[in-house]
Amino acid sequence: MSIAGFENKTEFTKKLNEHMSASGPVKSIQQLFGREKELSLIEEALYANGRHVFIYGDRGVGKSSLAAAAAAQYQSSDNSPIQIGCGPDTKFYETIENLVDRVMKSLAGGYDHTITQTLNVKIYSISWKNSTKKVEVFKVDSMYSAVNATEEIAKYHSEQPVIIIDEFDQIESETERKLFATFLKDLGDRGVNVKFIFTGVATSLDKLLGSHESSFRQLHTIGLERLGWSAREDIVRDGAAAFSLTVGNDVCFTIAKISNGFPSYAHLIMEKLLWIAFNEDHPVSHLDMKLFEQALRDAISSIGAHLKRPYEQATAHRSPDYTEILWATSDSEDTIRYSESIFLSYIRIHEKIHGKNPPPEYLPLPQPNFLVKLRDLKKKPYGEIIENAMDRKGLYTYRENILRGFIAMKALEGGVELQGNIPDAPKIPTALAKAKRINSAGKDNSPQVRFRGEELSGED
């Protein structure tokens, strides 16, 4: 094989999985780049009596990785943290019963389930402190029994137990979510020795907790932003260094840019890049743009359907205008953009593809036509990719920001490098813009662009 020191796939994949985590949380705190501040704040919160943690943010921004690292940091060494995932039909009492089973069965136990007219109890036989012990846990069907069961298992699990409730946003029932809030309060009132870390996809806690955010007073909340630039590059350089490889600055910069602050993209592209280097016919010591281009194609082909589907709905079997407009939406560091800024991106991208003086049939759309197609991207048949930001016309954002990175990857595959590292220019107020035009003796100094066809009327 072509990476020195890694002669077989077993050695290679072991090292790869230690450093790259494209499809799951990172494996260690050492690989959690750029989250030192958040990790410190979570640690402080967990050491406070009765305090738990809620991490929220965009899908793919690294919430589960931060939760896993924080749990590993607080969890005592006599056991491992427990992680429970949520779904649309998740029920609170069933979740606590599953938690009981998970903990007790991890302690080398079987159990008997006894049901009588007056008793519904599971009797677990566990190994604890070098002896066998029988533990009775009554059916969890009330808040009192839920707290009791949690208190009972906590003392057998470890000295400092941590439980991760992942993807809390998936729970559809507001009633079930409120039961978790009551549960946390009762745990604190009883002084139960256990810590919970929740994660959920949302731009604000209002979308997760509704109008009852105040009932989650026991939560320290962390709104996780996109990963900073240096941390994105750290993922790339760490992955290369793990195999004693160097990586080109252009490769590092490009991966950092198109990952768009979502670490899963950086991990995915690096994973593919390292596989390509490993499978090369000649020895590889440096990761260059030629290898990166192959890795990009492999990464795009392996992206999940939940990202591919909306992109294909917006572009497949439609005019090329939609592809160019969709690329334009991601042509900025900003996640909330004015339609005028997106239009300028569209003009830049169109010129990159077709040149400055294309034939009439390939001229760019005039702005009214562009706006009609841009608004189509809000509709279900077109993937519902964007929506009006803050309910304002002419101001757009993505329904799921993680899609921005995939769009940037597709654009780069198509030969257009998006400006994901450059923010939009500040918008000039309309009155000021008109005044400046008057002061210039009515002369419009903006670049002259020839547009296709006739203009359509329309409001943005």
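So, here is what we can say about the structure in this document. This structure is a prediction, so every number in the text was calculated from the model and none was measured.

Some details on the sheet that holds strand β7 (residues 195–201)
In a beta sheet, neighbouring strands are held together by backbone hydrogen bonds and run either parallel or antiparallel to one another.
Point 1. In space, the 5 strands of this open sheet follow the order β2-β6-β7-β1-β8, with parallel pairing throughout. A strand with exactly one partner marks an edge of an open sheet, and here the two such strands are β2 (82–85) and β8 (219–224). When strand polarity is set aside, the average angle formed by the axes of neighbouring strands in this sheet is 20 degrees.
Point 2. Relative to β7, strand β1 (residues 52–57) is paired through 5 bridges, and the arrangement is parallel. Bridge pairing in β7 places Val53 opposite Ile197.
Point 3. Seen against the sheet, helix α2 (residues 36–46) touches β1, β7 and β8 and runs at an angle of roughly 170 degrees to β8.

Examining the packing of helix α13 (residues 320–329) against helix α14 (residues 339–354)
Point 1. As a packed pair, α13 and α14 sit with axes 8 Å apart at the nearest point and diverge in direction by 125 degrees. Taken together, the axes of α13 and α14 lie oblique to each other. Read as a crossing pair, α13 and α14 show a hand that is right-handed. Of the residues in α14, those touching α13 at Asp321, Glu324, Ile325, Trp327, Ala328 and Thr329 are Ile342, Ser345, Tyr346, Ile349, His350, Ile353 and His354.
Point 2. Along the lines of polarity and charge, the residues of the contact of α13 with α14 split into 7 nonpolar, 4 polar and 2 charged.

Thoughts on the side chain of Asn401
Point 1. Residue placement: Asn401 occurs in the loop between β13 (395–398) and α16 (402–413).
Point 2. Ignoring sequence-local partners within four residues, the contact set of Asn401 consists of Asp58, Phe262 and Thr335.

Some thoughts on α14
Point 1. Here α14 is 16 residues long and its end C-alpha atoms lie 22 Å apart, about the 22 Å a rise of 1.5 Å per residue gives.
Point 2. Within α14, burial applies to Ser339, Ser341, Ile342, Phe343, Ser345, Tyr346, Ile347, Ile349 and His350.
Point 3. Looking at the buried positions of α14, the neighbouring elements they touch are α13, β11 (336–338), α15 (367–376) and β13.
Point 4. Two residues or fewer past α14, Gly355 is found with a positive phi of approximately 90 degrees.

Quick notes on the packing of helix α1 (residues 9–19) against helix α10 (residues 263–279)
Point 1. The interhelical angle for the contact between α1 and α10, taken along N-to-C directions, is 160 degrees, at an axis separation of 11 Å. By the angle class used here, α1 and α10 are roughly antiparallel. Considering only the axes of α1 and α10, their crossing is right-handed. The segment α1 lies against α10, with Lys9, Phe12, Thr13, Leu16 and His19 engaging His267, Glu271, Leu274, Trp275 and Phe278.
Point 2. Looking at the contact of α1 with α10 residue by residue, the classes come out as 5 nonpolar, 3 polar and 2 charged.

What to know about the sheet that holds strand β12 (residues 386–388)
Point 1. The 3 strands lie next to each other as β11-β13-β12, forming an open sheet whose pairing is antiparallel. Edge strands, defined here as strands with exactly one partner in the open sheet, are β11 and β12. Within the sheet, the average angular offset between the axes of one strand and its neighbour, ignoring direction, is 35 degrees.
Point 2. Judged from the 3 bridges that link them, β12 and β13 form a sheet pairing that is antiparallel. Following the sheet pairing, Asn388 is matched in β13 by Tyr396.

A look at the nonpolar core
Point 1. Ile197 and Leu287 are the most contacted members of the largest nonpolar core, which has 92 residues in total.
Point 2. Ranked by residues supplied to this core, first place goes to α10 with 10 residues.
Point 3. When near neighbours in sequence (up to four residues on either side) are disregarded, Leu287 contacts Ala240, Leu245, Thr246, Val247, Gly248, Val251, Met270, Leu273, Leu274 and Ala277.
Point 4. Within the second largest apolar cluster, 42 residues are counted, among which are Ile153, Ala154, Ile165 and Leu179.

Thoughts on unusual backbone geometry
Point 1. The residue Glu167 is not glycine, and still its phi comes out positive at about 60 degrees.
Point 2. The phi angle at Met390 is positive, at roughly 55 degrees, despite the residue not being glycine.
Point 3. If you trace the backbone, Met390 turns up in the loop between β12 and β13.

Rules used in this analysis
Note on numbering: residues in each chain are counted from 1, in written sequence order. Per-residue local features are limited, in this predicted model, to residues with pLDDT of at least 70; the limit for side-chain atom pairs, both in listing and counting, is 80 or more; totals at the level of whole chains, interfaces and linings are taken over all residues. The side-chain quantities take in all heavy atoms of the structure and omit both hydrogens and water. The criterion for strand pairing is that DSSP finds at least two bridges linking the strands in question. Put simply, DSSP marks the helices as runs of H or I at least four residues long and the strands as runs of E at least two long, and each gets a number from the N terminus on. Simply put, an axis is a line fit to the C-alpha atoms, just over the touching stretch for a helix, and the angle between two N-to-C directions goes from 0 to 180 degrees. Any two residues whose heavy atoms approach within 4.5 Å at even a single point are treated as in contact. Roughly parallel means an angle under 35 degrees; roughly antiparallel means over 145; roughly perpendicular covers 65 to 115; every other angle is labelled oblique. Rotating anticlockwise by less than a right angle from the far helix to the near helix defines a left-handed crossing, while the corresponding clockwise rotation defines a right-handed one. Throughout, the ten residues Ala, Val, Leu, Ile, Met, Phe, Trp, Tyr, Cys and Pro are labelled nonpolar, Asp, Glu, Lys and Arg are labelled charged, and all others, Gly among them, are labelled polar. Helix span is expected to be 1.5 Å times the residue number reduced by one. The cut-offs for exposure are 20% and 50% of the maximum accessible area for each residue type, with area from a 1.4 Å probe on protein chains only; residues under the lower value are buried, those over the upper are exposed, and the others partly exposed. Put simply, a nonpolar core is a bunch of buried Ala, Val, Leu, Ile, Met, Phe, Trp, Tyr and Cys residues held in one set by side-chain atoms that sit within 4.5 Å of each other.

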